[in-house]
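Descriptive analysis of the structure
In case you want the letters, here they are:
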Amino acid sequence: MPLSGNISELCEIKINIIGVGRVSSSIARNLVGKVKFGYVISRDKNKAENLAKEIGAEAKTYEDDFLLSGIVLFGVSDSALPDVCKLIEKKVDKNIVAIHFSGFLPSDILPESWSSVSMHPNCAVSNERYNFRDVIFGIEGVERGLQLAKNLVELLGGKYVVIPKERKAEYHLAAVIASNFSIALAYLSQRLYTDIGFSEELSRKVISKLFESVSQNIASKNLKDALTGPVKRGDWEVVEQEGKIFDEYFPEFTELYDIMVKVLKKLNEQ
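The following refers to the structure shown. Quick caveat, the model's predicted, so the values are computed rather than measured. Numbers given for residues are sequential positions, taken from 1 along each chain in its written order. Totals for whole chains, interfaces and linings use all residues, but because this is a predicted model, local features are given only for residues with pLDDT of at least 70 and pairs of side-chain atoms are given and counted only at 80 or more. Heavy atoms from the whole structure form the basis of all side-chain values; hydrogens and water molecules are not counted.

**Considering the packing of helix α10 (residues 236-249) against helix α11 (residues 254-268)**
An axis is simply a line fitted to the C-alpha atoms; with a helix, the fit covers only the stretch in contact. Between two such axes, the angle follows the N-to-C directions and lies from 0 to 180 degrees. Numbering of helices and strands starts at the N terminus; helices are DSSP runs of H or I of at least 4 residues and strands are runs of E of at least 2. Where α10 contacts α11, the two axes come as close as 8 Å, and the packing angle between them is 155°. Between α10 and α11, the interaxial angle falls into the category roughly antiparallel. The handedness of the crossing between α10 and α11 comes out as right-handed. Between α10 and α11, the contacting residues are Trp236, Val238, Val239, Glu242, Gly243, Phe246 and Asp247 on the first element and Thr254, Leu256, Tyr257, Val261 and Lys265 on the second. The residue classification treats Ala, Val, Leu, Ile, Met, Phe, Trp, Tyr, Cys and Pro as nonpolar and Asp, Glu, Lys and Arg as charged. All others, Gly included, are polar. Here the contact of α10 with α11 is built from residues that sort into seven nonpolar, two polar and three charged. Just so you know how the angles are binned, under 35 degrees is roughly parallel, over 145 roughly antiparallel, 65 to 115 roughly perpendicular, and the rest oblique. What makes a crossing left-handed is the near helix being turned counterclockwise from the far one by less than a right angle; a clockwise turn instead makes it right-handed. Only heavy atoms matter for contacts: two residues are in contact if any of them lie within 4.5 Å across the pair.

Right, dumping it as structure tokens:
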């Protein structure tokens, strides 16, 4: 029977997990007590069994006999998605809804007949017990599955925005710049802190508190008003002197400082 997409139905149909990565495992744990689970499938039977036991599902490997019905959540890497689809293509019910969590790949990397959807959380999932409350998911896909994805996000306590399928690459780049590039800047910052005597642990605390205050400013102000520091104040002598220090410490990234100053200056002039 086709899935209609209402939230009461979502609580009744079975949800299956393929791949036991951080995102899929965290989502499964957040849904315990709210939905029914079918299978947890992984190449590693032990990993599948551990998660299955915790959420009340049945563990399988790709070589085992099973038939997937309801919703199938794909928690595998981007590069593995096509191969995993081939492994299970003869083991799925014709009315399934397939959801993957890639921020870069569009929903149609999965067969369209599976009512495919992509559902990407805009957060840095660093463990397998992440709480998705208030996290904003970027979702897109076939309409029948899209409604179920919206309801799934609601059960997780998150929010969603529907994004154009053809703009997934730009969408993911925006997330990479905000999340991954900030870690690269933290690495450079930590090298300076530790060189003047901070412990690694203390430097991380200082940097995280700085990030936290910046995050609060971004949440409450437009970006121009969230900006602080010498570029904001127009202290160009400070900017110049610190640029020389940057070049001494990081000669391999000598252009980075000037580029970041140009970006900040452009923002401040808006």
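Okay, back to it.
**Description of the side chain of Ser116**
Here Ser116 shows up in the loop between β5 (97-100) and β6 (117-121). Judged by relative accessible area, Ser116 falls into the buried class, the value being 1%. Excluding residues that lie within four positions of it along the chain, Ser116 makes contacts with Ala98, Ser107, Asp108, Leu110, Pro111, Gly141 and Val142. To sort residues, take the accessible area from a 1.4 Å probe on protein chains only and compare it with the maximum for the residue type: under 20% means buried, over 50% means exposed, and anything in between is partly exposed.

**Topic: helix α5 (residues 143-155)**
A helix is expected to reach a length of 1.5 Å times the quantity of its residues less one. Taking 1.5 Å as the rise per residue, α5 with 13 residues should run 18 Å; its terminal C-alpha atoms sit 19 Å apart, in good agreement. Every buried residue belonging to α5 is among Gly145, Leu146, Leu148, Ala149, Lys150, Asn151, Leu152, Val153 and Leu155, and all of these are buried.

**Side note on the nonpolar core**
Each nonpolar core is a collection of buried residues, namely Ala, Val, Leu, Ile, Met, Phe, Trp, Tyr and Cys, held together in the definition by side-chain atoms within 4.5 Å. Judged by nonpolar contacts, the single largest core of 35 residues is most densely connected at Ile15, Leu31, Ile71, Leu73, Ile99 and Met119. Ignoring any residue separated from it by four or fewer positions in sequence, one finds Ile15 in contact with Leu10, Leu31, Val35, Lys36, Phe37, Gly38, Tyr39, Ile71, Leu73 and Leu152. The next biggest cluster of nonpolar side chains, apart from the first, holds 18 residues, and it includes Phe66, Ile88, Leu110 and Trp114.

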